[in-house]
Amino acid sequence: MHVHTVNVQKRGTTNIDDEDDVFSIISKNNKGSKKLIHQGDIAVRFSRSALNCPGKTCLWPKSAEGLVFVPYTLSPEYTAAEAEVIFSAMEEYTTLTCLRFTKRKTETDHVQIRSLDGCWSYLGKVGGPQDLSLVKSGCVSKGIVQHELNHVLGFIHEHTRSDRDSYVDIVWANIPDAYASNFAKSEMATDTPSLRYDYTSVMHYGRYAFSNVPGQATINPKPDSTVPIGQRYGLSNLDLQKINRLYECDVCSALLCDPSGRLNSVNINPMSSDKSLCVWLIRVPANKVFLQFETTDTPAGSYGHIKVYNGASRTSPQLLNRLCTMGIELPPLVSFGNVMLVEFSSDGTSSFTASYSTVICGGTLMTWNGTLTSAGFPIKYPSSADCTWTIVAPVGYRILLNFTSFSLESSKRCIYDYLSIYDGSGSSGPVRYCGTRKIPVLVSSGSWILMRFHTDKSVQSMGFEVKYMWVTSS
């Protein structure tokens, strides 16, 4: 029997201080660097200006099949875990754009990713081998890696866009004269004012960048100066759109980075001419993704196929692979990390809508049998826990639940600590259990069951253990 161990994290927040934005991390790691750099992390070549790209000559070329290949080498000094962070950051470009970061074979023009002396890169393709520095001690995180990779692709900092004065005020009084050039507006061909200004861009520096007065801003959004700017998580959806616009990638994709949101196959990407295959990459700031399908519309004779991956690429494990069929409800799904990929292929007449949110713990269980327990079982479960599990069987099977132990805090109407069980294909609402009791064997009416476990701040008990298995519908 396959056993699933569930770890429940304590409730926490994901508030990120301005100290933790991309610029702050880069600035700390670039102190003492001997590299001549501009705007904090753009390396300067003596043969040309750091911010010069006439006629988009610094862009990487597109192949005959419409893909843009960027060859690279990765220094062996990185650990396996560090290399995986870098590969994961590159993988999002592969999933969502026509760009492909590929290991160098014999290409003359290529990127050398090394741990040199800070976080920095050249702007665009400069010809021959070009360094990208990601120092091991502080630059190997997804947001920093993607920030520097965007420089490799030719992207400037968002706050230096030619139209930035319509969106931010630069507080020159708080900027030392020696650093004023870091706020000069760009007139580069890779500037993309045709797409709206993006306060959430991974290319936007924080409000205190280069400030000579602690706690005093150098960049103020307007008209609302409290709008958050600068982040460290990675590409935003507008960053993605700008990449696809600059490199003329005809792909149907979206990147969803908020803690919760919606997916709609009808209005995903107006720039794509071919919507027969579309992808959504959901990347929540922390914890796990909980995806719920709301509607599927597959008229008679039409085609729709949904795949969901437990990760950022099509090589990640699959959580769902189903044709959209009238009358069969798609199960909700929980990722095992903070990233989930949704792919929808259709003939243009099928559609779906879904929503997602963030959950602290849980997962999607897809083995034919197993054991699920609350954290700490059989000692005590933690306080302030919220966990969500989905158990999914193939179409044509049902799920049998056999509780071998159950002990939660008792209360009328189970309002403190409780386990809610949703029969996915049933017509009735969820059943809520609490206290110490013998729960009868439960069999779903369809091919999936959703379980939610909630605890409050006081009175913990032993918890529960439940064995599950697939059974035939007959």
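Whatever comes next refers back to the structure up there.
Residues numbered from 1 in each chain as written. Predicted model: local features only at pLDDT ≥ 70, side-chain atom pairs only at ≥ 80, totals over all residues. Heavy atoms only, no water.

A.B. asks: Just give me the short version of the side chain of Asp41, but keep the residues and values in it.
C.D. replies: Positionally, Asp41 belongs in the loop between β2 (37-38) and β3 (42-43). The buried charged residue Asp41 lacks any salt bridge, with Lys35 as its nearest oppositely charged partner at 13 Å. In this view, Asp41 contacts Ile26, Asn30, Cys119, Trp120, Ser121, His147, Glu148, His151, His157 and Tyr205; residues no more than four positions away in its chain are not counted. (Helix = DSSP H or I, 4+ residues; strand = E, 2+ residues; numbered from the N terminus. Buried < 20%, exposed > 50% of the residue type's maximum accessible area, 1.4 Å probe, protein only. Lys, Arg positive; Asp, Glu negative; His and termini not counted. Salt bridge = Lys/Arg side-chain N within 4 Å of Asp/Glu carboxyl O. Contact = heavy atoms within 4.5 Å.)

A.B. asks: For the sheet that holds strand β12 (residues 261-264), give the residues involved together with the corresponding values.
C.D. replies: Within the open sheet, the four strands sit side by side as β12-β19-β14-β17. Their pairing is antiparallel. Edge strands, defined here as strands with exactly one partner in the open sheet, are β12 and β17 (333-334). In this sheet, strand β19 (residues 351-359) lies alongside β12 in antiparallel orientation, the contact comprising four bridges. Residue pairing in the sheet places Gly261 in a bridge with Tyr356 of β19. (Pairing = 2+ DSSP bridges.)

A.B. asks: Mind laying out the sheet that holds strand β27 (residues 448-454), listing which residues take part and the relevant values?
C.D. replies: Strand pairing in a sheet is mediated by backbone hydrogen bonds. Such pairs are either parallel or antiparallel. In spatial order, the strands read β20-β22-β27-β24-β25; together these five strands make up an open sheet with mixed pairing. Either end of the sheet is taken by a strand with one partner, and the two such strands are β20 (361-365) and β25 (431-433). Mean inter-strand twist for the sheet, computed between neighbouring axes without regard to direction, equals 15 degrees. Where β20 lies against strand β22 (residues 386-392), five bridges are found, and the strand directions are parallel. Residue pairing in the sheet places Cys361 in a bridge with Cys387 of β22. (Axes fitted to C-alpha atoms, helices over the stretch in contact; angles between N-to-C directions.)

A.B. asks: Lay out the packing of aromatic side chains in plain terms, naming residues and giving numbers.
C.D. replies: What the rule picks out here adds up to 19 aromatic pairs. Relative to Phe101, the ring of Tyr93 has its centre 5.3 Å away and its plane inclined at 75 degrees; by these criteria the two rings are edge-to-face. On the basis of relative accessible area, Tyr93 is assigned to the buried category, the value being 0%. Note on Phe101: relative accessible area 11%, which makes it buried. Measuring from ring centre to ring centre gives 5.9 Å for Phe403 and Phe406, while their planes differ by 85 degrees; the resulting arrangement is edge-to-face. Take Phe406: its relative accessible area is 5%, and that puts it in the buried class. (Phe/Tyr/Trp six-rings, centres within 6.5 Å; stacked < 30°, edge-to-face > 60°.)

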